[in-house]
Amino acid sequence: MGPDPNTNTAINGSTPVGVGGWLLVYLYGSIPFLLFHSAGLSGWFLDYALWLLVAIFLLLASPLVLILLKSSRAPRWNIVALWVVALQITLRAAAVPFNLETDGAAQRRSPEEWAVAIAILAVIVVGSLAWATIWTVYFRRSLRVRNTFPPLAAEP
């Protein structure tokens with residue numbers, strides 16, 4: 001008995017299921033991504049306090065645990081988390097020029113320094129938005145995601 005003819009299968013005839021393939025790449029790639037963003041967000045609130053960085057990281061990484069648990073809610077929560085992180089870091093980057101610095105360092109910055117800072121912030125924002133977009137498309141279209149995280153059965 002072969003695979004169900006109504007099910008899309010991989011080239012070798014097997015149905016991709018489980019935490020593997022690009023889903024595994026997403027899991028491993030999300031850890032440094034979330035650490036970087038957690039650091040940026042912790043600096044926004046309390047001058048890069050380590051305890052806050054860890055707390056933000058654990059909060060942002062919690063949807064990854066849903067993947068490991070193969071929860072049917074994992075795709076949705078990961079998409080939400082991707083966009084929450086991307087939008088928060090965008091707001092964080094947009095706020096940089098408006099930060100009030102008590103020592104007047106902002107007034108002493110040259111136009112070239114501002115240009116470099118804005119370019120770096122733009123790369124961070126574009127990278128975050130690209131990361132969120134790519135993985136949102138993956139979670140919505142992937143056969144592996146569909147097979148690994150079936151929707152909840154309709155309740156009577």
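This text follows the structure it describes.
Throughout what follows, the structure given in this document is the object of discussion. (Residues numbered from 1 in each chain as written. Predicted model: local features only at pLDDT ≥ 70, side-chain atom pairs only at ≥ 80, totals over all residues. Heavy atoms only, no water.)

1. Some thoughts on the overall build of the chain
Working step 1: The helix and strand inventory of the chain stands at six helices and zero strands.
Working step 2: When the elements of the chain are put in sequence order from the N terminus, they spell out α-α-α-α-α-α.
Working step 3: For the chain, with 156 residues in total, the buried portion stands at 36%.
Working step 4: A fraction of 70% describes how many contacts in the chain between residues 6 or more apart in sequence connect residues 24 or more apart.
Working step 5: By element, 69% of the accessible surface of the chain is carried by carbon and sulfur atoms, the whole surface being about 10,300 Å². (Helix = DSSP H or I, 4+ residues; strand = E, 2+ residues; numbered from the N terminus. Buried < 20%, exposed > 50% of the residue type's maximum accessible area, 1.4 Å probe, protein only. Contact = heavy atoms within 4.5 Å. Areas by Shrake-Rupley, 256 points an atom, 1.4 Å probe, with all protein chains shown as cover.)

2. Some words on the packing of aromatic side chains
Working step 1: This model, assessed by the stated rule, comprises six aromatic pairs.
Working step 2: Pairing Tyr26 with Trp135 gives two aromatic rings, centres 5.0 Å apart and planes at 55°, and the pair type is tilted. Taken together, the residues Tyr26 in helix α1 (residues 21-46) and Trp135 in helix α5 (residues 111-141) connect sequence positions 109 residues apart.
Working step 3: Relative accessible area serves as the criterion here: at 3%, Tyr26 is assigned to the buried category.
Working step 4: Ring geometry for Tyr138 and Phe139: centres 5.8 Å apart, planes at 70°, overall edge-to-face.
Working step 5: Under the relative-accessibility criterion, Tyr138 is labelled buried at 14%.
Working step 6: Members of the aromatic cluster, connected to one another through ring pairs, are Tyr26, Phe33, Trp131, Trp135, Tyr138 and Phe139. (Phe/Tyr/Trp six-rings, centres within 6.5 Å; stacked < 30°, edge-to-face > 60°.)

3. Focus on unusual backbone geometry
What you tend to see is this: most non-glycine residues have negative phi, and most peptide bonds are trans.
Working step 1: Even without being a glycine, Lys70 presents a positive backbone phi close to 55°.
Working step 2: Mapped onto the secondary structure, Lys70 falls in the loop between α2 (50-68) and α3 (74-95).

4. Describing the packing of α3 against α5
Working step 1: As a packed pair, α3 and α5 sit with axes 9 Å apart at the nearest point and diverge in direction by 170°. Taken together, α3 and α5 sit at an angle that is classed as roughly antiparallel. Judged by the sense of rotation from one axis to the other, the crossing of α3 with α5 is left-handed. Every residue of α5 that contacts α3 at Pro75, Asn78, Ile79, Leu82, Trp83, Ala86, Ile89, Thr90 and Ala93 is listed here: Leu121, Ile124, Val125, Ser128, Leu129, Trp131, Ala132, Thr133, Trp135, Thr136, Phe139 and Arg140.
Working step 2: Each residue belonging to the contact of α3 with α5 can be placed in one class, and the counts come to 15 nonpolar, five polar and one charged. (Axes fitted to C-alpha atoms, helices over the stretch in contact; angles between N-to-C directions. Parallel < 35°, antiparallel > 145°, perpendicular 65-115°, else oblique. Left-handed = near helix turned anticlockwise from the far one by under 90°. Nonpolar A, V, L, I, M, F, W, Y, C, P; charged D, E, K, R; others polar.)

5. A closer look at the environment of Ala81
Working step 1: Along the polypeptide, Ala81 turns up in helix α3.
Working step 2: Residues Ala81 and Leu59, spaced 22 residues apart in sequence, show a C-alpha to C-alpha distance of 9.5 Å.
Working step 3: With near-sequence residues (within four places) excluded, Ala81 lies in contact with Leu60 and Pro63.

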